[in-house]
Amino acid sequence: MKTRFAPSPTGFLHIGNIYSAYQCQDWARKNHAKLILRIEDIDHTRCRPPFSQAIITDLTWLGFTWDEETLYQQSRKLAYQQALQKLKNLELIYPCTCTRAQIKKTLENHQKTYPYADPYQGTCRENKHSHATQNVAWRLNIHKAMQHINKPLYWYDYLGKKHPVHAQEYGDVILARKDIGTSYHLAVVIDDAFQQITHVIRGQDLESFTGIHRILQALLDLPSLSYTHHGLLYAPNDEKWSKQDKAPSIQKWRSQGWDAAHIRHYIDSLGSRHEH
Ligand code: GLU
């Protein structure tokens, strides 16, 4: 069994991230499973190498160790391209040239008729004359994708509870952004399979995406995993600490003289909550 902690280096690690890392570590220890670190740095517009380095320094200072070499998603672009190509060959993705402003305008002007609860109106899906393949985003045609899968999908949590996938909640999600050539959804699914992850332990803020991850696994013939979504940490004043800008960074706590054991003790004393 294997799990992973997969931070995005868009800033310094904060106490909410550390809580998540401890959840992964505790689970791995309890189950004699492997624990690995993956740096999810596909988005060059938001991720910075110094943050990757700082994350590793902080985790090492806190005493984390990893059972495999750290994987950087920047090194995995070819695998993401191959997966996209596979979906292109199946004619399940289409190029989209719409800008955010255009999508907003279309939404204001038209009533939705498509059965998927997507803020995207499908302008490019319907445009059979566009042959653009450069400088475009690639969207999943969710309707076709579900026809292709042709059976109800589920994901399972650590307790074995079955969660149905509601494809209509997703709409034509972007699988490759124009600027980075891939997306969180595609990269996370490909790399969880590549690294042979069996159990994903991550925050409840990501739970709504698990269905789309399950859909991608089914389309790409990848194994399904067990997912646990832990509650989010709250500050003593009841403010949610999942927000990077509000939570104190570990570096700050360290500079104020806290040691790793104190940080762990403090996190344990806070507890987390699920939002419904
Ligand atoms: N990189 C994601 C984040 O920092 C987490 C991805 C995941 O655990 O699936 O929010």
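Residues numbered from 1 in each chain as written. Predicted model: local features only at pLDDT ≥ 70, side-chain atom pairs only at ≥ 80, totals over all residues. Heavy atoms only, no water.

### Concerning the overall build of the protein
Of regular secondary structure, the protein possesses ten helices and twelve strands. For a compact globule of 276 residues, the expected C-alpha radius of gyration is about 19 Å, and the protein comes in at 20 Å, within 12% of that figure. Along the three orthogonal principal directions, the C-alpha set of the protein runs to about 65 × 35 × 35 Å. A total of 276 residues make up the protein; the buried ones form 49% of that total. Of the roughly 14400 Å² that the protein leaves accessible, carbon and sulfur atoms contribute 52%. With 34 positive and 27 negative side-chain charges, the protein shows a separation of 4 Å between the mean positions of the two kinds. (Helix = DSSP H or I, 4+ residues; strand = E, 2+ residues; numbered from the N terminus. Rg over C-alpha atoms; globule rule 2.2 N^0.38 Å. Buried < 20%, exposed > 50% of the residue type's maximum accessible area, 1.4 Å probe, protein only. Areas by Shrake-Rupley, 256 points an atom, 1.4 Å probe, with all protein chains shown as cover. Lys, Arg positive; Asp, Glu negative; His and termini not counted. Charge placed at Lys NZ, Arg CZ, Asp CG, Glu CD.)

### Comments concerning the environment of Gln-25
Of note, Gln-25 is situated in helix α1 (residues 15-30). Separated by twelve residues in the primary sequence, Gln-25 and Leu-37 have C-alpha atoms spaced 11 Å apart. Other than its neighbours up to four places away in sequence, Gln-25 contacts Leu-35, Gly-63, Phe-64 and Arg-264. (Contact = heavy atoms within 4.5 Å.)

Read these as spatial facts, not as claims about activity.
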